[in-house]
Amino acid sequence: LWTIRNQQLFINATVYIMIDLHEEVSYGTMGRAEALYEKIIRHCNTPNQVPAVSTAQEKVFPGVVHHSVKEMMSTYPVVRKEARRALEILSEVTGKTVKDMLEHLPKDLITETVSFNRV
């Protein structure tokens, strides 16, 4: 449960590692960071039959989707790539389409994000 509740911290930390080190480390290190990123998302969001776990997932899931959408507008290509990948993984493990996940977000988030990039 702790990992699920704190997955956004793990995701953010992994993304910051990729941002800060992508030009300074070997491809193998970046590959391990990308694999860790995927493992966190899969582990924390794969449906679970244990009531306490599924309840925690339901509470955290919208925030993870929300954050991934915001990260799609990052100036860092690696962040945009990983945000897209996060949405794809979330879609895969939950059986929901990306469109279905986005429909539950506040409409102003998407319009705000698009408007920001046009300025």
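Notes on the structure follow.

The rules behind the values
Throughout this document, residue positions are counted from 1 along each chain, in the order its sequence is written. Reporting in this predicted model follows two pLDDT cut-offs: at least 70 for local features of residues, and 80 or more for side-chain atom pairs to be given and counted; totals over whole chains, interfaces and linings ignore these cut-offs and use all residues. The basis for every side-chain value is the complete set of non-hydrogen atoms in the structure, without hydrogens or water. In this text, helices come from DSSP runs of H or I with a minimum length of four residues, and strands from runs of E with a minimum of two, each type numbered from the N-terminal end. With a 1.4 Å probe rolled over the protein chains alone, any residue whose accessible area is under 20% of its type maximum counts as buried; one over 50% counts as exposed, and the rest are partly exposed. A 1.4 Å probe and the Shrake-Rupley method give the accessible areas. Residues count as covered only by the protein chains that appear here. For helices, the axis comes from a line fit to the C-alpha atoms of the stretch in contact; other axes are also lines fit to C-alpha atoms, and the angle between any two N-to-C directions lies between 0 and 180 degrees. Working rule for handedness: look at the near helix, and if it is turned counterclockwise from the far one by less than a right angle, call the crossing left-handed; if clockwise, right-handed. Any two residues whose heavy atoms approach within 4.5 Å at even a single point are treated as in contact. Any residue outside Ala, Val, Leu, Ile, Met, Phe, Trp, Tyr, Cys, Pro, Asp, Glu, Lys and Arg is labelled polar, Gly included; the first ten of those are nonpolar and the last four are charged. Throughout this description, the term nonpolar core refers to a set of buried Ala, Val, Leu, Ile, Met, Phe, Trp, Tyr and Cys residues connected via side-chain atoms within 4.5 Å. Centre distance within 6.5 Å is the pairing criterion for rings of Phe, Tyr and Trp, where only the six-membered ring of Trp is used; planes under 30 degrees apart are then read as stacked, over 60 as edge-to-face, and the remainder as tilted. Expected span, for any helix, means 1.5 Å times one less than how many residues it has. As used here, the arc is the angular range of directions from the helix axis to the C-beta atoms.

This part is about the overall build of the protein. Each helix and strand in the protein was counted, giving seven helices and zero strands. If you list the helices and strands of the protein from N to C, you get α-α-α-α-α-α-α. Relative to its full complement of 119 residues, the protein shows a buried share of 35%. Element-wise, carbon and sulfur atoms account for 59% of the exposed surface of the protein, whose accessible area totals about 7,600 Å².

Let us now look at the packing of helix 2 (residues 7-21) against helix 5 (residues 77-94). Running from amino to carboxyl end, helix 2 crosses helix 5 at an angle of 145°, the nearest separation of the two axes being 9 Å. Helix 5 is crossed by helix 2, and the crossing has right-handed handedness. Contact with helix 2, carried on its side by Val15, Met18 and Ile19, involves Val78, Val79 and Glu82 of helix 5 and no other residues of that element. The residue makeup of the contact of helix 2 with helix 5, split by class, is five nonpolar, no polar and one charged.

In terms of nonpolar packing, the biggest core is built from 27 residues, with Ile11, Val15, Met18, Tyr37, Ile41, Val65 and Leu90 touching the most fellow members. Mapped by element, the contributors of at least two residues to this core are helix 2, helix 3 (27-45), helix 4 (51-71) and helix 5. Among residues more than four places away in sequence, those in contact with Val65 are Leu87, Leu90, Met101, Leu102 and Leu105.

Scanning all chains against the criterion turns up one aromatic pair. Between the aromatic rings of Trp2 and Phe10, the centroid separation amounts to 5.6 Å while the plane-to-plane angle is 75°, which identifies the pairing as edge-to-face. Under the relative-accessibility criterion, Trp2 is labelled exposed at 58%.

Relative to the 26 Å expected for 18 residues at 1.5 Å per residue, helix 5 spans 26 Å between its end C-alpha atoms, a close match to the ideal helical length. All buried positions along helix 5 are accounted for by Val78, Val79, Glu82, Ala83, Arg85, Ala86, Leu87, Ile89, Leu90, Ser91 and Val93. Buried residues in helix 5 make contact with helix 2, helix 3, helix 4 and helix 6 (98-103). Phi turns positive, to about 80°, at Gly95, one or two residues after helix 5.

So, on to helix 3. Helix length check: helix 3 (19 residues) gives 27 Å between terminal C-alpha atoms against 27 Å at 1.5 Å per residue, within 8%. Within the sequence span of helix 3, burial applies to Met30, Ala33, Glu34, Tyr37, Ile40, Ile41, Cys44 and Asn45. Mapping the buried residues of helix 3 onto a view down its axis gives an arc of 120°, with all of them on the same face. In helix 3, the exposed positions that point more than 90 degrees away from the buried face belong to Arg32, Lys39 and His43.

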